[in-house]
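# A closer look at the structure
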Number of protein chains: 2
Amino acid sequence: MDSLNLPGLAEIEAAARRLAGRAVVTPLLESPALNARLGGRILLKPETLQRTGSFKFRGAYNRLSQLDEARRSAGVVAYSSGNHAQGVAAAAQLLGLPATIVMPSDAPRIKVANTQGYGAEVVSYERGTEDRKAIAEAIAAERGATIVPPYDDPDIIAGQGTCGLEICQQAEALGLHLDAILVCCGGGGLTAGTGTAARALSPETEVYTVEPAGWDDTARSLAAGQRLANEAPPTSFCDALLAKEPGVLTFDINRRVAAGGFAVSDDEVAEAIRYAFTTLKLVVEPGGAVSLAALLAGRFDARDRCVAITLSGGNIDPELMARLLAEA
Amino acid sequence: MDSLNLPGLAEIEAAARRLAGRAVVTPLLESPALNARLGGRILLKPETLQRTGSFKFRGAYNRLSQLDEARRSAGVVAYSSGNHAQGVAAAAQLLGLPATIVMPSDAPRIKVANTQGYGAEVVSYERGTEDRKAIAEAIAAERGATIVPPYDDPDIIAGQGTCGLEICQQAEALGLHLDAILVCCGGGGLTAGTGTAARALSPETEVYTVEPAGWDDTARSLAAGQRLANEAPPTSFCDALLAKEPGVLTFDINRRVAAGGFAVSDDEVAEAIRYAFTTLKLVVEPGGAVSLAALLAGRFDARDRCVAITLSGGNIDPELMARLLAEA
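Procedures and definitions
Residues numbered from 1 in each chain as written. Chains lettered and ligands numbered in written order. Predicted model: local features only at pLDDT ≥ 70, side-chain atom pairs only at ≥ 80, totals over all residues. Heavy atoms only, no water. Core = buried A, V, L, I, M, F, W, Y, C linked by side-chain atoms within 4.5 Å. Buried < 20%, exposed > 50% of the residue type's maximum accessible area, 1.4 Å probe, protein only. Helix = DSSP H or I, 4+ residues; strand = E, 2+ residues; numbered from the N terminus. Contact = heavy atoms within 4.5 Å. Axes fitted to C-alpha atoms, helices over the stretch in contact; angles between N-to-C directions. Parallel < 35°, antiparallel > 145°, perpendicular 65-115°, else oblique. Left-handed = near helix turned anticlockwise from the far one by under 90°. Nonpolar A, V, L, I, M, F, W, Y, C, P; charged D, E, K, R; others polar. Pairing = 2+ DSSP bridges. Buried area = accessible area lost by both parts, 1.4 Å probe. Salt bridge = Lys/Arg side-chain N within 4 Å of Asp/Glu carboxyl O. Polar contact = N/O pair within 3.5 Å; in protein donor to acceptor, adjacent residues only side chain to side chain. Least-squares fit on C-alpha atoms with pLDDT ≥ 70 in both. Phe/Tyr/Trp six-rings, centres within 6.5 Å; stacked < 30°, edge-to-face > 60°. Lys NZ or Arg CZ within 6 Å of the ring centre and 35° of its normal. Domains from an automatic or database assignment.

### Considering the nonpolar core
Of all hydrophobic cores here, the largest spans 87 residues; its most connected members are A:Leu182, A:Leu292, B:Leu182 and B:Leu292. By size, the runner-up hydrophobic cluster in this structure holds 25 residues, among which are B:Leu19, B:Val88, B:Leu97 and B:Ala120.

### As for helix H10 (residues 217-224) of chain B
Residue and element names in this part refer to chain B. Considered for burial, the residues of H10 that qualify are Asp217, Thr218, Ala219, Ser221 and Leu222. Against the buried residues of H10 lie strand S7 (206-212), helix H11 (248-257) and strand S8 (258-264). Looking at the residues trailing H10, positive phi occurs at Gly225, about 80°.

### Section: the packing of helix H3 (residues 56-64) of chain A against helix H8 (residues 154-173) of chain A
All names here are of chain A. For the pair H3 and H8, the least separation of the axes is 7 Å and the interaxial angle reads 135°. Classified by the interaxial angle, the pair formed by H3 and H8 is oblique. As for the relative orientation of H3 and H8, their crossing is right-handed in sense. Residues Lys56, Arg58, Gly59, Ala60, Asn62 and Arg63 of H3 lie in contact with H8, whose contacting residues are Asp155, Ile156, Ala158, Gly159, Gln160, Thr162, Cys163 and Glu166. In terms of residue class, the contact of H3 with H8 is built from 4 nonpolar, 5 polar and 5 charged.

### So, the sheet that holds strand S7 (residues 206-212) of chain A
The pairing of strands in a sheet comes from backbone hydrogen bonds and takes either a parallel or an antiparallel form. All names here are of chain A. Taken in spatial order, the 5 strands of this open sheet run S1-S9-S6-S7-S8, and their pairing is parallel. Across the chains shown, the open sheet's two edge strands, defined by having one partner strand only, are strand S1 (41-46) and strand S8 (258-264). If you compare each strand with its neighbour and ignore which way they point, the axes differ by 25° on average. Where S7 and S8 come together, 6 bridges link them in parallel fashion. Counted as the bridge partner of Val210 is Phe262 from S8. Across the sheet, H8 lies against S1, strand S6 (180-184) and strand S9 (306-311), angled at about 140° from S1, the strand it touches most.

### Remarks on the pairing of strand S1 (residues 41-46) of chain B
The side chains of a regular strand alternate, first on one face of the sheet and then on the other. Residues and elements named next belong to chain B. Among the 6 residues of S1, 5 are classified as buried, and the element is accordingly described as predominantly covered. Looking at chain direction, S1 and strand S9 (residues 306-311) are connected through 6 bridges and run parallel. Bridge assignment links Leu43 to a residue of S9, and that residue is Ala308.

### Some remarks on the environment of A:Ile309
Along the chain, A:Ile309 falls in strand S9. Expressed as a C-alpha distance, the spacing of A:Ile309 and A:Leu44, which sit 265 residues apart in the sequence, is 5.3 Å.

### Some points on the interface of chain A and chain B
Facing 23 residues of chain A, the contacting portion of chain B comprises 23 residues. For the pair chain A and chain B, the two sides together bury roughly 1,900 Å², of which 76% comes from carbon and sulfur. Where chain A touches chain B, the interface holds 0 salt bridges. The interface formed by chain A and chain B holds 6 residue pairs in polar contact (both at pLDDT 80 or more) in total. Per-element accounting of the side of chain A that touches chain B gives the leading share, 4 residues, to helix H14 (residues 318-327) of chain A. Residues that form the side of chain A that touches chain B fall into these classes: 15 nonpolar, 5 polar and 3 charged.

### Overview of unusual backbone geometry
The phi dihedral of A:Thr52 is positive, around 75°, even though this residue is not glycine. In this fold, A:Thr52 is placed in the loop between S1 and H3.

### Things to note about the relation of the copies chain A and chain B
The transformation that overlays chain A on chain B combines an axial shift of 0.0 Å with a rotation of 180°, and the residual RMSD is 0.0 Å. Both chain copies can therefore be described as sitting about a two-fold axis. In terms of proximity to the rotation axis, the leading residue of chain A is A:Ala322, whose C-alpha is 2.2 Å off the axis.

### With respect to the packing of aromatic side chains
Residues and elements named next belong to chain A. According to the stated counting rule, one finds 8 aromatic pairs over all chains in the structure shown. Pairing Tyr208 with Phe262 gives two aromatic rings, centres 5.2 Å apart and planes at 40°, and the pair type is tilted. In this pair, Tyr208 sits in strand S7 while Phe262 sits in strand S8, placing the two residues 54 residues apart along the sequence. Among the aromatic residues, ring-to-ring pairing joins Tyr208, Phe262 and Phe300 into one connected group. For the cation-ring pair, Arg51 lies above Phe57, with the distance from its terminal atom to the ring centre recorded as 5.4 Å.

### Details of the pattern of salt bridges
Residue and element names in this part refer to chain A. Applying the stated criterion to the full structure yields 40 salt bridges over all chains. The partner of Lys111 in a salt bridge is Glu285, with the nearest N and O atoms 2.6 Å apart. Of the two residues, Lys111 is situated in helix H6 (residues 109-117) and Glu285 in the loop between helix H12 (266-280) and helix H13 (290-296); the sequence distance between them amounts to 174 residues.

### A closer look at the side chain of A:Arg72
Counting through the fold element by element, A:Arg72 comes out in helix H4 (residues 69-72). For A:Arg72, the side chain forms a polar contact with the main-chain oxygen of A:Leu95, separated by 3.0 Å.

### Some details on the environment of A:Phe55
Residues and elements named next belong to chain A. Tracing the backbone through its elements, the reader meets Phe55 in the loop between S1 and H3. Spatially, the C-alpha atoms of Phe55 and Val24 are 9.6 Å apart, while their sequence positions differ by 31 residues. Residues within four places of Phe55 in sequence aside, it is in contact with Glu47, Gln50, Gln160, Leu190 and Ser312.

### A few points about the packing of helix H12 (residues 266-280) of chain B against helix H14 (residues 318-327) of chain B
All names here are of chain B. H14 packs onto H12 with a crossing angle of 95° between their chain directions and a minimal axis gap of 10 Å. In terms of their interaxial angle, H12 and H14 are classed as roughly perpendicular. Contact residues: H12 offers Ala270, Ile273, Arg274 and Phe277, while H14 offers Met321, Leu324, Leu325 and Glu327. Class assignment for the residues of the contact of H12 with H14 results in 6 nonpolar, no polar and 2 charged.

### Here's the deal with the side chain of B:Thr146
Residues and elements named next belong to chain B. When you line up the elements, Thr146 lands in strand S5 (residues 146-147). Exposure remark for Thr146: the relative accessible area of 6% places this residue in the buried category. Polar contacts involving the side chain of Thr146 include one to the side chain of Arg71, which spans 3.4 Å. The contact partners of Thr146, leaving out residues within four places of it in the chain, are Arg63, Leu67, Arg71, Gly75, Val76 and Val77.

### Some points on the sheet that holds strand S3 (residues 99-104) of chain B
All names here are of chain B. Strand order in this open sheet of 4 strands is S4-S3-S2-S5, and the pairing throughout is parallel. Looking at the sheet topology across the chains shown, the edges are occupied by strand S4 (121-125) and S5. Bridge count for strand S2 (residues 76-79) against S3 is 4 bridges, and the pairing is parallel. Looking across to S3, one finds that Val76 is bridged to Ala99. Packing against the sheet, helix H5 (residues 83-95) makes contact with S2 and S3, and its axis sits at approximately 170° to S3.

### With respect to the domain arrangement of chain A
Residue and element names in this part refer to chain A. You can read the domains of chain A as domain 1 (9-55 + 153-326) and domain 2 (57-147). Using C-alpha coordinates to define each centre, domain 1 is positioned 23 Å away from domain 2. Across the boundary between the two partners, domain 1 contributes 31 residues, which contact 23 residues of domain 2. Across the domain 1 to domain 2 interface the summed buried area is about 2,300 Å²; carbon plus sulfur atoms make up 49%. At the junction of domain 1 with domain 2, the criterion picks out 6 salt bridges. Our count for the domain 1 to domain 2 interface comes out at 20 residue pairs in polar contact (both at pLDDT 80 or more). A per-element tally of the side of domain 1 that touches domain 2 places H8 first, with 8 residues. Classifying every residue of the side of domain 1 that touches domain 2 by side-chain character gives 11 nonpolar, 8 polar and 12 charged.

This is how it looks when you write it as C-alpha cells:
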C-alpha cells in the first residue's frame, strides 16, 4: 500500500495468489460481430462466468481469507442487493465461516435464492425506509461478527483488482494495447481495483466508469473533483449499481485512476442485454450490461480503438430476461 | 489423409492455420457450481461463442477457403436447418463468394435472419415433403456453383476437428488429463473431427456422441457396427441434430474414434438449457445442450472424472428461451 493506505499492484497480485484455484480466471472474449458493428476491437471480460456469477467473489474471498483466526468463528455480516451477498456467502462457505447477509426486500429472487444456497442466513430490509448498514452493524455487534463492506475496503478493492490484472495480462498475451477499459460502476470498487492494476501495468490505458442514468455519482464526482451524491435519483433496474455516492476510499483511488464516466438509460441497458443474448450468447444482468450499453449507444466511440469492457454480473431473474426478450 | 482418404491430425492442423484470425479460439470454461453438482471436473467448450454462434463456421471456412479460383465466382450452395447455413454464409462473405442456402421453412427465425444477414440468398423448402439435397443440387447445377455438404466431406470434418484440437491443447495447458469428451452429434462431423484430434493427441480419452432421443442413429450404428437410420423418429426441438442417419464418411471415422453414444429427451435438453442460462450464464440452443443434458440427467457419470463437453451452438430463438424460462 502507498502512503495513503491505498492498495497497489502488490496487494492485487497478493489477492490473485489467494484467489488461485478458488476464483475462475474468466477469459477475455472477442466477438467478430461486435467488432464489426463498432469498428474497433472490443475485449469482453465476462465476470458473468465468475464463481457466483459476478466479480464480487474476488473481493469477498480476498477479504475473508485474511480474517484473524480469532474472528472466524463469529462469522461475517454483509449488506448487498445481491452480488456482494453471493460473493460473501460463497467465500464464507468455502472457508467454513457462518455468514449473514442483509438484503433489500426487492432484490432479484435469483440473488436471494443463490445467497441462501451458499449457506448464508438472509435478513430482509425495506430499501426505501430502512438503513441496511445500521441493521448489519447491529447484527455484527450482537454476534461479534465482522462486517464485510461491499466496496470501501482495501482488501475488497484489491480483490476486485484481480479482474483488471487479468484484463491487462490477457490483452498483453494477445499482443494488444488497450486504449481504454470501461468498467460497470456502483460504489466504485471494481473501478478502483481495475484502475489501479491498469495504471501500473498499462499506464496509457484510459479507465472510464459506466453508471445508470441518474445514478452517475461517480462520473459527476470525477468531473467535479469531489464526492457528490445522487439527488433524487430515478428508479432503475440496474439493482447492482444503485449506490447513492462514491465510497470514500474508492473515490480517493478513482480520482487518480479514472479518466471520467458515462451514464446509460435503462432502455439502453435493456438493448445491451438483448444484444448480449442474441449475438454474444451471454447472459448479462442489467448492472453488468452498462459498459456494453455505453458502446452500443455510442456514448463511447470505439472506432479504430481497442477497448476492454467488464460484463460484471449475470444474475438476472429469468422472468426479467423473458420480458426483455418479448419486448424486442 | 490416411489410405482411406480420412482426414487426420495433419489436415486438422492445416485447417487450424487457415482458420487463424478468422474463427474464434473459444475458451475452455469451468464452472465451480457444475463441478460441485456432478462431483467431477467438467470442461465446457462453448462454440456458442464461435463466429456465427456455432462450430459450423470452422468446417465451412476450411472448405470454402480451399475452393479453386475457377469455381469461386459461381459461388457455393448449402442445405441446412441453420447453423451450417450461417457458417457457410459467413465464410462466403469473408471470402467474397456468393452463397445460396436451402433451409427448411420451420428453421428457427434467428437462423434464417442471421444467414440473410451474412449476405446469403435463402431458398425455403418443406422439411416433410421436399428433398433439400435435390433442391441444392439443382441450384448448383444451374449456376455451376459448388455444393458445401454439412458433414460428409473431409475438409468440413477437418475444420470441425479444430474444435477438438483446441479442447486437447487447452486441457493440456491446464495440466488436465481428459477421461472423456461428449460431443453433440447430428450427422457426425463434429464428432469425427474432434474424435480424430483426440485419438491423435490424447489416445486414452474416450469420445462419446450425444443425440436427441429417437434420433440416436449414430449411437445405435456404433453399437451395431454399421450405419442404421432412424425409423419413424419423433419430433424434437433439437433442430440442429435431426440427421436421418450417420454420414458415410463420418461414420467410417466415428466407428474408429467413438466409444459409444447416448440419447437425451427434449425435457432433459430443456432442463440443460435452463441450467446453462441460470447457472452457467450461457445461451445454448437445444442441439447445443444435449451433452450438458447427458451429464445433468446422469446418462454419463462424471464423478471423479475429467470430462469435456461441447456446447456446440447458441442460436436459439428468443421466444423459445422465454418459454423455457417461463416453464421452470
